[in-house]
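If you want the building blocks of each chain, they are given just below.
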Amino acid sequence: MRKKWWGVLGGLGAGVINGLLGAGGGMVVVPLLSAMGVRGKRSHATALMVIVPLSAVSAVLYLVQGRVGFADALPWLPGSLLGAYLGSRLMPKIATGWLKLLFGGLMLWGGVRLL
């Protein structure tokens, strides 16, 4: 029962961060899943299953509110879709330790850039 509530609260936090920062929910979801016992690559894959619907809702709301247009995202979509495909194919081949280092490094780099 406790895990269920952590999932609900973590999902709420990820949703708020995603809506505010644009897909920053992974920084919440992956560590929370790890704390709940979902380890390694499974936590990253599960986080994507959570983040994709969050991102879709945020994107539709921003589109409907007129804050962004589809044309703004169009130049990014082909490369992003190809990158997502390649990343999902590469993840099973990368050792979990390297994946953690990559994720942590990207979080640190992003944090430093935001400061």
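Worth saying up front: this structure is predicted, and the values here are computed from it rather than measured.

Reading the values: rules and limits
- Residues numbered from 1 in each chain as written.
- Predicted model: local features only at pLDDT ≥ 70, side-chain atom pairs only at ≥ 80, totals over all residues.
- Heavy atoms only, no water.
- Helix = DSSP H or I, 4+ residues; strand = E, 2+ residues; numbered from the N terminus.
- Buried < 20%, exposed > 50% of the residue type's maximum accessible area, 1.4 Å probe, protein only.
- Contact = heavy atoms within 4.5 Å.
- Areas by Shrake-Rupley, 256 points an atom, 1.4 Å probe, with all protein chains shown as cover.
- Core = buried A, V, L, I, M, F, W, Y, C linked by side-chain atoms within 4.5 Å.
- Patch = residues over 30% accessible without salt bridge, like charges linked within 9 Å, V, L, I, M, F, W, Y side chains within 5 Å.
- Salt bridge = Lys/Arg side-chain N within 4 Å of Asp/Glu carboxyl O.
- Axes fitted to C-alpha atoms, helices over the stretch in contact; angles between N-to-C directions.
- Parallel < 35°, antiparallel > 145°, perpendicular 65-115°, else oblique.
- Nonpolar A, V, L, I, M, F, W, Y, C, P; charged D, E, K, R; others polar.
- pLDDT = per-residue confidence, 0-100.

Re the overall build of the chain
Argument step 1. When you go through the chain residue by residue, the secondary structure sums to 6 helices and 0 strands.
Argument step 2. If you list the helices and strands of the chain from N to C, you get α-α-α-α-α-α.
Argument step 3. Oriented by its inertia axes, the alpha-carbon framework of the chain measures out at about 40 × 35 × 30 Å.
Argument step 4. The burial tally for the chain puts 17% of its 115 residues in the buried class.
Argument step 5. Taking contacts inside the chain between residues at least 6 apart in sequence as the whole, the part at least 24 apart equals 55%.
Argument step 6. Total accessible area on the chain is roughly 8700 Å²; 74% of this is exposed by carbon and sulfur atoms.

Focus: the nonpolar core
Argument step 1. Ala14, Val29, Val30, Leu33, Ala47 and Ile51 form the largest nonpolar core, which has 6 residues in total.
Argument step 2. When residues of this core are traced back to their parent elements, those giving at least two are α2 (26-35) and α3 (40-64).
Argument step 3. When residues of this core are assigned to their parent elements, the largest contribution, 3 residues, is made by α2.
Argument step 4. Not counting residues up to four positions away in its chain, the partners in contact with leucine 33 are Val38, Ser43, Thr46 and Ala47.

Let's talk about a nonpolar patch on the surface
Argument step 1. A cluster of nonpolar side chains, contributed by Trp6, Leu9, Leu12, Val16, Leu20, Leu21, Met27 and Met107, occupies part of the molecular surface with about 830 Å² of accessible area.
Argument step 2. Within the element layout of this structure, leucine 12 appears in helix α1 (residues 2-21).
Argument step 3. For leucine 12, a relative accessible area of 54% puts it in the exposed group.

Topic: the packing of α3 against helix α6 (residues 96-114)
Argument step 1. Where α3 contacts α6, the axes come no closer than 9 Å and their chain directions differ by 45°. With respect to α6, the axis of α3 lies oblique. Mapping the contact onto sequence places Gly40, Lys41 and His44 in α3 and Thr96, Leu99 and Phe103 in α6.
Argument step 2. Of the residues belonging to the contact of α3 with α6, the class tally is 2 nonpolar, 3 polar and 1 charged.

A few points about the confidence of the model for the chain
Argument step 1. For the chain, mean pLDDT is 82; residues scoring 70 or higher make up 94% of the total.
Argument step 2. Per-element averaging of pLDDT across the chain places α1 at the bottom with 74 and helix α5 (residues 77-90) at the top with 90.

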